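# Structural overview for review
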Amino acid sequence: MTLPNGLQVGIGVDLAAYPLDNHASQRDFWRTLVSRLDEVVEFITLEDGFAAAGGDGLDAILLANWLAPRSRKIGIIAGAPVNYLEPFHISTAIATLDYVSEGRAGLFAQQLRGDRALQAKQAIGALDGFPTTDGAALEQDAKDAIEVIRRLWDSWEEDAIIRDRESFRFLDGAKLHYINFESAAFKVLGPSITPRPPQGQPVVAAVQIEGDDASATADVVFIRPGIPERINLRTLPGNPKTQAVFVDLDVDAEPISVAEFAAQVARVAASGADGVRLILRDPSQLDHIVNELLPALRAASLLRKPGSGTLRERLGLPTAINRYTSAA
């Protein structure tokens, strides 16, 4: 799929950084935030604050499902700490989000490390099926969790629902598949309890950390600036793109000058990345982003307008082929 010139832009929000006020003010805040960004940026990532030192904050996937029908075009990539939640439940929740958003959903596969991993382990307690806080075990577990989530999305073929009134059959059982996944830490039989999502495979995003982490299997990779040598976003010339790479740029409480920010974005564009994710640390910066930074960057032809269609299509990712259908 050929995409227009210019970088794509997303917004990153850490839910744990936002105070838990009364329900009415929370509803107003999030409704206003998504309405300001809708049709302005390509997507928003909602980072879940599970076991964060300052408090969990809202559940990212639940918030995403609340925001989806209150938005029109913006992609909503909901965070989940994949090492510390059941992959079966993550899979069904993101599939539901894809239905609610009509194909605009994604999973932000958070990989907790260091102190965050220890805090998560303490929050869960002594339960079987969760990894140790060893880095290699966390890396493998995250990759296994993503593999299970993807297999469950494929476990229903597109035409599994038949609704045959004469035979009183709702499903064609032959088009539902056991995934039969087993790793050192857990096993999942399947199939899913949710039909295959509208995108087939909602977008999976991950931050590139180090080593052989889960970002290697993600559709969208977020990297820190200044490390263009880590960008490996395209296959051989002429082959479909298999990953979209976005460079993270912090938007701090003190407004950065438009010229300085444009220079940063220009360096990202020169590196070969597909886009930038602006990390919104302080909601007071929203006006500066929407009213000043983004218009200036578009005027300089550094950014392009958000697209239409499913989130996979807008990011230029290949169509998700059902592994069980293609193997038949």
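Sequence order as written defines the numbering, with residues in each chain counted from 1. Since the coordinates come from a predicted model, pLDDT governs what is reported: local features require at least 70, and pairs of side-chain atoms require 80 or more to be given and counted, while whole-chain, interface and lining totals use all residues. The side-chain quantities take in all heavy atoms of the structure and omit both hydrogens and water.

## Topic: the overall build of the protein
Across its full length, the protein carries nine helices and twelve strands. Looking at the protein as a whole, 50% of its 328 residues qualify as buried. Throughout, the Shrake-Rupley method with a 1.4 Å probe supplies accessible areas, and for residues the shown protein chains are the sole cover considered. Carbon and sulfur atoms form 53% of the exposed surface of the protein, whose accessible area is close to 15200 Å². The helix count covers DSSP runs of H or I at least four residues long, the strand count covers runs of E at least two residues long, and both are numbered beginning at the N terminus. Throughout this description, buried means an accessible area under 20% of the type-specific maximum (1.4 Å probe, protein chains only), exposed means over 50%, and partly exposed covers the range between.

## A closer look at the layout of surface pockets
In this analysis a 1.4 Å probe is tested at points of a 1 Å grid over the protein atoms alone, and where it fits but cannot get out there is a cavity; an open set with protein on both sides within 12 Å along at least five of seven lines is a pocket; lining residues have an atom within 4 Å of a point. Grid points are joined across faces, edges and corners, and a volume is the space filled by probe spheres set on the points. In this structure, the largest pocket occupies an estimated 520 Å³ of space. Taken together, 22 residues line the largest pocket, and the ones lying closest to its centre are Glu47, Phe108, Gln110, Arg116 and Val207. Within the residue set of the lining of the largest pocket, elements represented by two or more residues are β1 (8-14), β2 (43-47), β4 (105-110) and β12 (275-280). Note that Gly is not counted as nonpolar here; it falls among the polar residues with everything else outside the nonpolar set of Ala, Val, Leu, Ile, Met, Phe, Trp, Tyr, Cys and Pro and the charged set of Asp, Glu, Lys and Arg. Per-class residue counts for the lining of the largest pocket are ten nonpolar, four polar and eight charged.

## Topic: the confidence of the model for the protein
You can read pLDDT as the predictor saying how much it trusts each residue, on a scale of 0 to 100. With 88% of its residues at a pLDDT of 70 or more, the protein shows a mean pLDDT of 86. Segment residues 232-239 is flagged for pLDDT under 50; beyond a separation of four residues in sequence, or across chains, it makes twelve contacts in the model. In what follows, residue pairs with any heavy atoms lying within 4.5 Å of each other are defined as contacts.

## Here we look at the packing of helix α2 (residues 60-67) against helix α3 (residues 87-100)
Note on method: axes are straight lines fitted to C-alpha atoms, helices fitted across the in-contact stretch only, with angles between N-to-C directions ranging 0 to 180 degrees. Viewed as axis vectors pointing N to C, α2 and α3 meet at an angle of 15°, and their least axial separation amounts to 9 Å. The orientation of α2 with respect to α3, classified from their angle, is roughly parallel. Like other packed secondary-structure pairs, α2 and α3 cross with a definite hand, here left-handed. Seen from α2, the contacting residues are Ile61, Ala64 and Asn65; seen from α3, they are Ala93, Ile94, Thr96, Leu97 and Val100. Residue composition of the contact of α2 with α3, by class: six nonpolar, two polar and no charged. Orientation is classified from the angle alone, with under 35 degrees giving roughly parallel, over 145 giving roughly antiparallel, 65 to 115 giving roughly perpendicular, and any other angle giving oblique. Left-handed describes a crossing whose near helix is turned anticlockwise from the far helix through less than a right angle; right-handed describes the clockwise counterpart.

## A word on unusual backbone geometry
Of all residues except glycine, most have a negative phi; of all peptide bonds, most are trans. Across the junction of glycine 190 and proline 191, the peptide omega takes the value -5°, indicating a cis bond. Inspection of the secondary structure puts proline 191 in the loop between β8 (187-188) and β9 (203-207). For asparagine 180, which is not a glycine, the phi torsion comes out positive at approximately 50°. Asparagine 180 sits in the exposed class, given a relative accessible area of 55%. Non-glycine residue serine 301 carries a positive phi angle of around 60°. Relative to the elements of secondary structure, serine 301 occurs in the loop between α7 (286-299) and α8 (311-314). Of the residues examined, serine 301 reaches a relative accessible area of 58% and is grouped as exposed.

## Focus: the nonpolar core
Residue types Ala, Val, Leu, Ile, Met, Phe, Trp, Tyr and Cys, when buried and joined through side-chain atoms within 4.5 Å, form a set referred to as a nonpolar core. If you look at the biggest cluster of nonpolar residues, it comprises 63 residues, and the most contacted ones within it are Ile11, Trp30, Leu37, Ile44, Leu46, Phe261 and Leu278. Here this core gets six residues from one element, more than from any other, and that element is α7. Core analysis: the next-biggest nonpolar cluster, separate from the first, contains twelve residues, Ala205, Leu311, Leu315 and Leu317 among them.

## Observations concerning the environment of glutamate 292
Tracing the sequence through the fold places glutamate 292 in helix α7. By relative accessible area, which is 43% here, glutamate 292 ends up partly exposed. Spatially, the C-alpha atom of glutamate 292 lies 9.5 Å from that of serine 257, the residues being 35 residues apart in sequence. Those residues in contact with glutamate 292 that lie beyond four places of it in its chain are Val258 and Asp287.

## Here we look at helix α4 (residues 114-124)
Every buried residue belonging to α4 is among Ala117, Ala120 and Ile124, and all of these are buried. In a view along the axis of α4, the buried residues occupy a sector of 60°, so they form one face of it. Opposite the buried face of α4, by more than 90 degrees, sit the exposed residues Asp115, Gln122 and Ala123. As used here, the arc belongs to the directions running from the helix axis to the C-beta atoms.

## Observations concerning the sheet that holds β1
In spatial order, the strands read β1-β2-β3-β4-β9-β10-β11-β12; together these eight strands close into a barrel with parallel pairing. Ignoring which end each strand starts from, the neighbouring axes of this sheet average 25° apart. Two strands form a pair only when DSSP identifies at least two bridges running between them. Relative to β12, β1 runs parallel, the two sharing five bridges. Following the sheet pairing, glycine 12 is matched in β12 by isoleucine 279. Against the sheet, α2 makes contact with β2 and β3 (75-81), and its axis sits at roughly 165° relative to β3, the strand it touches most. Helix-sheet contacts for helix α6 (residues 258-271) involve β11 (244-251) and β12, and the interaxial angle to β11 is about 160°.

## Focus on the pairing of strand β10 (residues 220-223)
Side chains Val220 and Phe222 of β10 all project onto a buried face; the interleaved residues Val221 and Ile223 project onto the opposite face, where all are buried too. Relative to β10, β9 runs parallel, the two being bridged by three bridges. Looking at β10, one finds that alanine 206 is bridged to valine 221. Relative to β11, β10 runs parallel, the two sharing four bridges. By the bridge assignment for β11, valine 220 is matched with alanine 244.

## Notes on the packing of aromatic side chains
A pair of Phe, Tyr and Trp rings is counted when the ring centres sit within 6.5 Å of each other, with Trp represented by its six-membered ring. The angle between the planes then sorts it: under 30 degrees is stacked, over 60 is edge-to-face, the rest tilted. Going through the model one piece at a time under the given rule, you end up with six aromatic pairs. Ring geometry for phenylalanine 222 against phenylalanine 246: centres 6.3 Å apart, planes inclined by 70°, an arrangement best described as edge-to-face. Taken together, the residues span a long stretch of sequence, with phenylalanine 222 in strand β10 and phenylalanine 246 in strand β11 at a distance of 24 residues. On the accessibility criterion, phenylalanine 222 (0% relative accessible area) is buried. Judged by its relative accessible area of 0%, phenylalanine 246 is buried. Among the aromatic residues, those joined into a cluster by ring pairs are Phe43, Phe108, Phe222 and Phe246. Positioned above the aromatic ring of phenylalanine 222, the side-chain terminus of arginine 277 is 3.9 Å from the ring centre. Whether a charge sits over a ring comes down to the Lys NZ or Arg CZ being within 6 Å of the ring centre and within 35 degrees of the ring normal.

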